[in-house]
Amino acid sequence: MVYSKLKVFKKRKNVGIPIQGQVVGSHGECSSINNNQFAPPPSSSQKKLNGLEGYSVYEEECSETDVNHIFNLNILCDVFLNYTQCKECGKNGLKLEADRTVGLATLFRLYCDNCEISKIFCSSYERHNEDRPSPKSKFYDINERLVYALRAIGKGAAAASALCGIMNLPPPPQKFGKYNEFIGNIAEDVAIESMKNAIEEAVVENNNIGDLSVALDGSWQKRGHTSMNGVVTATSVDTGKVIGVAVMSTYCRCPNKKEHSENCTANYSGNSGGMEVAGVVKIFQQSEPCDKVRYINYLGDGDSKAYKAINELKPYGENVPITKLECIGHVQKRMGTRLRRLKTSYKGKKLQDGKSLDGKNRLTEAVIDQIQNYYGMAIRQNVNSAENMRKAVWAVLFHISSSDDKPNHGLCPEGRNSWCKYNKAKATGEQFTHKRPLPHAIVEVIKYVFRDLSDIQLLKKCLHGRTQNPNESIKSVIWTRIPKTVFVSINTLHFGVYDAVGTFNDGNIARCEVLKRLLTNVGFFTIKSLIILDKERLRASEKAVKDIESRARQQRRAAKRKLQDEDEEDADNPSYGAGMH
C-alpha cells in the first residue's frame, strides 16, 4: 500500500443535511434528484451485506436430511416396539431407552429382550477436534449450537436451564465457560478476517491510499465508571464498517490481586475511565504492523484524553501528525449543553431588562432545542467551507433575535428557496411578521456561547460532515449479545463482541462461517433462518431510506405547488407585459 503525506482526508461532495432536490445517503452523502429520474442511494445494510449470494457456498454443502428435530421419547419407544424387527432373532419388539445424557445430547440403548443384542448410539454428532479445549470432554453438535444460539440472543447458562426445563429437555451442558472460550475463539478468527476485509475495502474507497480516517469510541458494560468490562470500537469513516476493536476487562480470580498468575483473565489494570484511552492506543499500535495502514484522521467525541494520548505516543513517527476530527452530532449537542448550563447559572438573576433568563417567551427548553437544531443544520449544510459554516452559525443568532422593528437577516440565505421566511417573503413580495423574537437582553448573554461554538478551528474539524453513528450502532449490537444487566467473564465478553463485529460487517453469513469451522456442517434450517434474518435487516434498512425519500418528495411537491400558485397569481395580476404601458 502507498502512504501519502499530502492527502489528509478524502472529501465528499454534498455531505450533510439534504438541501432541496437531494436525499441523504447511508453515510451522509446526498444524491441529486429531479422530477424525471430518481436513483435512491443504497442503505448502510445494503452496502455491508452486498446481497445474499454468499450463502450459496454453504447451501451446496448442506443436506436437507441433516437437521435436528425434537421427539418425545415415549413416541419413539412405541415406534421401535411395534414397527421394528431384530435382525439377529427376527422377532418384533425392539426396545429403546435413554442410557444417559450429556447436555442435550442423549445416548440411547436399542436392545432386544429375546437375544440380548444391544446397540448404543447418540442423538447428536460427537465432534473430535484437536482444537477442543479438553480431548477427554465430550463435545456434541447440539450442545455447541445451544451455547452459540443463546449467546446470539444475549443469554447464558441460567437461560439455558430455564429453557430446557420448560421444554422438558435434558439439562444443558455444565461449565458453559469452556464452550464460550472455544466458540468465542472461532468467532474472533472470523471477525478478524472480516475486519481485515473491511480495511482493504476502506483503502480502495480511499483511492488505494493506506492513510485512513477512523472513528473511535469506547463503551462500558456498566455505567458510572465502575465497570470491569469495556469495549473500544474503530469504524471506517468511509465505509462505516468495523476495522478495529479492543476488549478490556479488569476482572480476575487470582488469590493475590497484586500478583496476577499466568492464567489471569484481566487484560487491563486501572480505573474504568482509562479503558477508552488504553483501547484506542492498542488499536493505533496494531494498525501499521498488523494491517499495513495508518489512521491519520481521528474522529471522536469531545473527550480529548484518548486523542492526547495518541498525540503523545506518535505511533507513526514525528513526521506523521494525527488530525483530530469532531463528530458533528456531539458538536451539535454542545450548543444545548452550554445553553442549559448557562440557564442554570443565571437562576435567580435578573438581566438588563429586569427579567430572568428563562420563562415565557424567554430561553425555554423548546427555544434551546430549536437553537441546537439550527446550529446542527448550519454545520451540516456548509461542510465545504468553514467560513460559510461560521457565517451560518451567527445567522442563527441574528435570525431568532430579529423583530419587525429590527430585522437582522443579513447573514441568512436570500431568495425564494431560503430557509429564512423573512428573506423568502422578501423575494416573493409577501408580508412577513416576526413572532416571539428573542429579547436583546438574552442575546447579549448567549452570544458568548455562539462565539465559542463558532470558533473557526472547531468548525474546520467538522468539514468531513460525519458522525459516530456507526460506532453507536455496533455498540448497540454488542450489548444486545452481552446484556448490561448481567456481569460476564472476559471469555463471554470476547465471544459476544466478535460475534457482533462479524454480523455487523457481513451479516449473518459470518455465523455460517463460525458454524462451518465449529461443526463442519452449517445445517439446512440454519441457513434458511439466517437468510430470513438478513432479508429482514435489508427490508428495515430499505424502509428507512424510503421514508427519507418520501419526506423529500413531499417537500418537493409542496414547494412545486406553491410556485405554481404564485405563478397563477402573477398571471391573473400581471405587473408587466408587452403593450401594457
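Quick notes on the rules
Residues numbered from 1 in each chain as written. Predicted model: local features only at pLDDT ≥ 70, side-chain atom pairs only at ≥ 80, totals over all residues. Heavy atoms only, no water. Helix = DSSP H or I, 4+ residues; strand = E, 2+ residues; numbered from the N terminus. Buried < 20%, exposed > 50% of the residue type's maximum accessible area, 1.4 Å probe, protein only. Phe/Tyr/Trp six-rings, centres within 6.5 Å; stacked < 30°, edge-to-face > 60°. Lys NZ or Arg CZ within 6 Å of the ring centre and 35° of its normal. Pairing = 2+ DSSP bridges. Axes fitted to C-alpha atoms, helices over the stretch in contact; angles between N-to-C directions. Patch = residues over 30% accessible without salt bridge, like charges linked within 9 Å, V, L, I, M, F, W, Y side chains within 5 Å. Areas by Shrake-Rupley, 256 points an atom, 1.4 Å probe, with all protein chains shown as cover. Salt bridge = Lys/Arg side-chain N within 4 Å of Asp/Glu carboxyl O. Contact = heavy atoms within 4.5 Å. Polar contact = N/O pair within 3.5 Å; in protein donor to acceptor, adjacent residues only side chain to side chain. Parallel < 35°, antiparallel > 145°, perpendicular 65-115°, else oblique. Left-handed = near helix turned anticlockwise from the far one by under 90°. Nonpolar A, V, L, I, M, F, W, Y, C, P; charged D, E, K, R; others polar. pLDDT = per-residue confidence, 0-100.

S.K.: What's the story with the overall build of the chain in this structure? I'm lost.
M.R.: A count of helices and strands for the chain gives 18 helices and 10 strands. When each of the 581 residues of the chain is scored for burial, the buried share is 45%.

S.K.: Would you mind going over the packing of aromatic side chains with me for this structure?
M.R.: The description of an aromatic ring pair rests on the distance of the ring centres and on the angle between the ring planes. Evaluated as defined, the whole model comprises 14 aromatic pairs. Ring geometry for phenylalanine 284 against tyrosine 298: centres 6.1 Å apart, planes inclined by 20°, an arrangement best described as stacked. Of this pair, phenylalanine 284 sits in helix H7 (residues 275-291) while tyrosine 298 sits in strand E9 (residues 294-300), and the two are 14 residues apart along the sequence. For phenylalanine 284, a relative accessible area of 1% gives the class buried. Here tyrosine 298 falls in the buried class, since its relative accessible area comes to 2%. Aromatic ring contacts, followed pair by pair, group Phe284, Tyr295, Tyr298, Tyr307 and Tyr316 into a single cluster. Directly above the ring of phenylalanine 139 sits lysine 178, whose terminal nitrogen or CZ lies 5.4 Å from the centroid. The side chain of lysine 349 reaches across the aromatic face of tyrosine 346, ending 5.3 Å from its centre.

S.K.: Explain the sheet that holds strand E6 (residues 211-220) to me, please; I cannot follow it from the model alone.
M.R.: Two pairing modes exist for strands in a sheet, parallel and antiparallel, and in both the strands are linked by backbone hydrogen bonds. Read from one edge of the open sheet, five strands run E8-E7-E6-E9-E10, paired in mixed fashion. One side of each edge strand has no neighbouring strand; the edge strands of this open sheet are strand E8 (242-249) and strand E10 (323-326). Across the sheet, the mean angle from the axis of one strand to that of its neighbour is 30°, orientation sign disregarded. In the sheet, strand E7 (residues 229-236) pairs with E8 via seven bridges, with the strands oriented antiparallel.

S.K.: Teacher, can you tell me more about a nonpolar patch on the surface here?
M.R.: Where nonpolar side chains cluster on the molecular surface, the patch consists of Ile70, Leu163 and Met167 and spans about 300 Å² of accessible area. If you trace the backbone, leucine 163 turns up in helix H5 (residues 157-166).

S.K.: Any chance you could explain the pattern of salt bridges here in plain terms?
M.R.: Where charged atoms from two side chains of opposite charge come close, those side chains can pair. Evaluated as defined, the whole model comprises 23 salt bridges. Here glutamate 61 ties to lysine 516 by a salt bridge, and the two come within 3.4 Å at their closest N and O atoms. One end of the pair, glutamate 61, is in helix H2 (residues 55-61); the other, lysine 516, is in helix H17 (residues 509-519), with 455 residues separating them in the sequence. Here lysine 516 falls in the partly exposed class, since its relative accessible area comes to 28%. One salt bridge in this structure joins glutamate 97 and arginine 109, with 3.0 Å as the shortest N-O distance. Taken together, the positions of glutamate 97 in strand E3 (residues 95-102) and arginine 109 in strand E4 (residues 105-111) put the pair 12 residues apart, joining distant regions of the chain.

S.K.: Where do I start with the sheet that holds strand E5 (residues 118-122) in this structure?
M.R.: Here we have three strands laid out as an open sheet, ordered E3-E4-E5, and antiparallel in their pairing. Whereas interior strands pair on both sides, the edge strands pair on one side only; in this sheet they are E3 and E5. The sheet shows a mean angle of 20° between the axes of neighbouring strands, taken without regard to direction. Examined bridge by bridge, E4 and E5 share five bridges and lie antiparallel to one another. In the strand pairing of E5, tyrosine 111 is matched with serine 118. The sheet contacts of helix H3 (residues 73-83) involve E3 and E4, and relative to E3 the element is tilted by about 145°.

S.K.: Just to check I follow, could you spell out the pairing of E6 for this structure?
M.R.: Working note: regular strand, side chains alternate between the two faces of the sheet. Buried residues dominate E6, accounting for 10 of its 10 residues. Side-chain alternation along E6 places Asp211, Ser213, Ala215, Asp217 and Ser219 on one buried face and Leu212, Val214, Leu216, Gly218 and Trp220 on a second face that is also buried. Summarising the sheet, E6 and E9 pair through five bridges and their orientation is parallel. In the sheet register, leucine 212 faces E9, and the bridge partner there is tyrosine 295. Inspection of the sheet shows E6 paired to E7 by seven bridges, in the antiparallel sense. Paired with leucine 216 across the strands is alanine 234, a residue of E7.

S.K.: Is there a simple way to think about the side chain of serine 385 in this case?
M.R.: Its location among the elements puts serine 385 in the loop between helix H10 (365-380) and helix H11 (386-400). A polar side-chain atom of serine 385 sits 3.5 Å from the main-chain amide nitrogen of glutamate 387. Within the local environment of serine 385, its side chain forms a polar contact with the backbone nitrogen of asparagine 388, the two atoms lying 3.1 Å apart.

S.K.: It is not clear to me how the packing of helix H6 (residues 176-205) against H17 should be interpreted in this structure. Could you clarify?
M.R.: H17 packs onto H6 with a crossing angle of 130° between their chain directions and a minimal axis gap of 9 Å. It follows from the interaxial angle that H6 and H17 lie oblique. For H6 against H17, the interelement crossing comes out right-handed. Between H6 and H17, the contacting residues are Phe182, Ile183, Ile186, Ala187, Asp189, Val190 and Glu193 on the first element and Ala510, Glu513, Val514, Arg517 and Leu518 on the second. Residue composition of the contact of H6 with H17, grouped by class: eight nonpolar, no polar and four charged.

S.K.: What am I meant to see in the confidence of the model for the chain here?
M.R.: In low-pLDDT regions, the fine details of the predicted coordinates are not to be read closely. Confidence in the prediction of the chain, expressed as mean pLDDT, is 83, and 85% of residues score 70 or more. Confidence drops under pLDDT 50 across residues 1-38; counting only partners more than four residues distant or on other chains, this segment forms 101 contacts. Between residues 575-581, whose pLDDT stays under 50, and residues either more than four places distant or in other chains, the model counts three contacts.

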